[in-house]
Every structure is written in C-alpha cells, then in structure tokens.
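Close look at the chain arrangement
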Amino acid sequence: AAAYNPTDGILFPWPFLWGYAKQASARGVEIHTHTRVDGIERAGGEFLVRTSRGDVRAKKVVNAAGAWSPVIARMVGVELPNWPVRHEILSSEPLKPFLKPMVSVLGSGLYFSQSMRGEIVGGITVHHDRDPEVLLGSTLRFAALIAAALIEVLPRLGEVKIVRQWAGPYDMTSDGNPLLGEPPGVPGFYLCCGFMGHGFMMAPVIGKYYAEWLAGGKKHEIFDRHRLARFSEGPVEKEDFIIG
C-alpha cells in the first residue's frame with residue numbers, strides 16, 4: 001500500500017535560506033555570520049549578549065540555536081530538555097531527470113528525491129545512542145544502510161555512484177514538539193527550538209507569529225501550547241511522525 005500526494009513540495013534548503021537572509025537584509029536586519037555567542041548577561045530590563053565580535057544590548061533575545069540551544073539557554077540559567085541526534089544525508093552523481101515526487105518508506109525512515117541538477121538526495125533513520133554533544137561526522141553504517149534500502153526500492157540505483165555524504169543534528173524533544181515562548185523567570189528571553197525534523201516546515205509560520213507577538217501584536221496560542229513548563233505539568237501528548 002502507498003499514499004501519493006502530487007501537490008507536495010520539494011524544497012532545497014540553501015537557496016531558501018539565502019533568500020530569507022537577502023530579504024531580511026533588504027529590510028534593515030543586520031546578519032552577522034561566523035559570530036560566536038560567548039555569554040548572555042541580564043542587566044536591568046535588558047540583555048547584554050557577548051559575542052566574538054563585540055557586545056550587543058537587546059531588550060529581547062530569541063534562542064533559535066537548534067541543537068545548540070541548551071548551551072545558549074544555560075547562559076541565562078535555563079535548563080532545556082532537548083538534545084541533539086545526528087542525521088545523515090547523501091547525494092549521488094547527477095542522472096537524467098526521472099523522479100518527480102519525494103519517495104519515503106515509513107517503516108525504515110528512508111526518503112529520497114531528485115534535485116534539479118539530477119542528483120538522488122536522501123537519508124534513512126539510523127538509531128544512535130543519546131549523546132549530549134552535536135556529532136557531525138559521516139559514518140559507513142549510514143551509507144551501507146541507505147544503499148541497501150535504496151536498491152530494494154529502485155534496484156537500478158545499485159549502479160549509481162555516491163558523490164558526497166554529510167550530517168547534521170536533529171533537535172529532539174521527548175514529545176516531538178518544539179519549545180516556544182518565555183521560560184519561567186526569564187522575561188524577554190524567547191525559545192524557538194526543539195523542532196525535531198519539522199523545523200524547516202514550521203519555521204516560516206512560527207517566525208511570522210513571533211514577529212507579530214514581539215512587535216506588540218496578539219500572542220498566538222501555539223506559544224502556550226508548546227511552553228517549556230509543559231514537561232513539569234503532567235503527561236504530554238507525543239507527536240512521533242518523523243522521516244529520516
């Protein structure tokens with residue numbers, strides 16, 4: 001059995017990210033790349049953010065550091081329950097376009113699609129032990145696992161060469177939902193992390209809701225629904241549909 005969704009979209013992240021950055025800069029946003037946050041101090045009603053390129057004063061700080069967000073939160077005395085898990089991806093040599101939809105196998109977490117340049121790009125679930133550190137290295141275990149799974153779905157891919165392989169962290173929470181809003185006792189410090197594998201889909205709308213709220217508009221109910229305090233208030237509803 002299978003499900004087919006012809007209207008689903010396939011988006012590659014780098015042009016998307018560059019487009020966001022370009023439009024933000026055009027609207028007056030200052031973007032500082034390769035800038036490390038070394039500490040955050042609270043002084044009165046403001047924050048003093050100490051960075052590798054100097055200090056920044058701000059009345060509001062948004063922690064959107066993904067798998068590194070617990071490190072940032074500890075700078076203001078907040079312990080977050082999210083943790084990083086390494087997920088790997090590989091890309092093949094370019095092939096003549098033949099595959100329009102993304103293909104996924106829910107049982108194994110396999111997914112793959114074909115880029116505009118013709119590469120087969122995909123990943124598969126590899127169960128790692130929980131590790132508090134962000135691991136970015138590639139593994140032979142992943143390459144062997146996805147190769148076998150790809151050939152099972154499309155046997156002719158066994159003749160295709162793999163060009164590159166890389167890894168990045170999923171930002172995990174125990175209930176599969178993000179951490180949003182202000183943590184208790186730290187007004188002006190806002191969480192935007194713990195998105196698991198859903199961040200790329202959820203980021204635009206969460207950013208929109210945050211922009212409205214932080215600019216003095218209405219606070220969307222999603223910020224209360226996914227507040228940090230939910231983990232200490234009793235059982236939480238788990239969302240567990242993750243591919244990759």
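Structure: see above.
Residues numbered from 1 in each chain as written. Predicted model: local features only at pLDDT ≥ 70, side-chain atom pairs only at ≥ 80, totals over all residues. Heavy atoms only, no water.

Summing up its helical and strand segments, the chain has five helices and 11 strands in all. For the chain, the C-alpha atoms occupy an extent of roughly 65 × 45 × 35 Å along the three principal directions. Taken over 244 residues, the chain has a buried fraction of 34%. Across the chain, every contact between residues at least 6 apart in sequence was considered, and the portion connecting residues at least 24 apart equals 61%. (Helix = DSSP H or I, 4+ residues; strand = E, 2+ residues; numbered from the N terminus. Buried < 20%, exposed > 50% of the residue type's maximum accessible area, 1.4 Å probe, protein only. Contact = heavy atoms within 4.5 Å.)

This next bit is on the nonpolar core. Of all hydrophobic cores here, the largest spans 16 residues; its most connected members are Ile40, Phe47, Val76, Val78, Leu80, Phe189 and Leu191. Of all the secondary-structure elements, those providing two or more residues to this core are β2 (46-51), α2 (69-74) and β11 (189-193). Ranked by the residues each element gives to this core, the list is headed by β11, at three residues. In contact with Val76, not counting residues within four places along its chain, are Ile40, Arg42, Phe47, Val186 and Phe189. Counting residues in hydrophobic clusters, the runner-up holds 13 residues, among them Phe112, Ile124, Phe142 and Val160. (Core = buried A, V, L, I, M, F, W, Y, C linked by side-chain atoms within 4.5 Å.)

Before going further, it helps to spend a moment on the sheet that holds β11. Sheet architecture is open: three strands sit in the order β4-β11-β10, paired in mixed fashion. Looking at which strands have only one partner, the edges of the open sheet turn out to be β4 (61-63) and β10 (179-181). Put simply, the sheet's adjacent strands are angled 30 degrees from each other on average, direction ignored. The pairing of β4 with β11 spans three bridges and is classified as parallel. For Val62, the partnering residue across the bridge sits in β11 and is Tyr190. (Pairing = 2+ DSSP bridges. Axes fitted to C-alpha atoms, helices over the stretch in contact; angles between N-to-C directions.)

The next point concerns the pairing of strand β1 (residues 37-43). One ladder, built from six bridges, connects β1 with β2; its direction is antiparallel. Across the sheet, residue Ala43 finds its bridge partner in β2, namely Glu46. The loop that links β1 with its antiparallel partner β2 comprises two residues; one of these, Gly44, has a positive phi angle of about 65 degrees.

On to a nonpolar patch on the surface. On the surface, a nonpolar cluster with roughly 410 Å² of combined accessible area is contributed by Trp14, Leu17 and Trp18. If you trace the backbone, Trp14 turns up in helix α1 (residues 13-26). (Patch = residues over 30% accessible without salt bridge, like charges linked within 9 Å, V, L, I, M, F, W, Y side chains within 5 Å. Areas by Shrake-Rupley, 256 points an atom, 1.4 Å probe, with all protein chains shown as cover. Salt bridge = Lys/Arg side-chain N within 4 Å of Asp/Glu carboxyl O.)

Turning next to the pattern of salt bridges. Applying the stated rule across the entire model yields 12 salt bridges. Residue Glu41 is joined to Arg50 by a salt bridge in which the shortest nitrogen-to-oxygen separation is 2.8 Å. The salt bridge involving Arg164 is made with Glu119; its shortest N-O contact spans 3.7 Å. Of this pair, Arg164 sits in strand β9 (residues 162-172) while Glu119 sits in the loop between β7 (110-114) and β8 (120-123); the two residues are 45 residues apart in sequence, bridging distant segments of the chain. Classification of Arg164 by relative accessible area gives partly exposed; the value is 36%. Through salt bridges with shared partners, one network takes in Glu41, Arg50 and Asp55.

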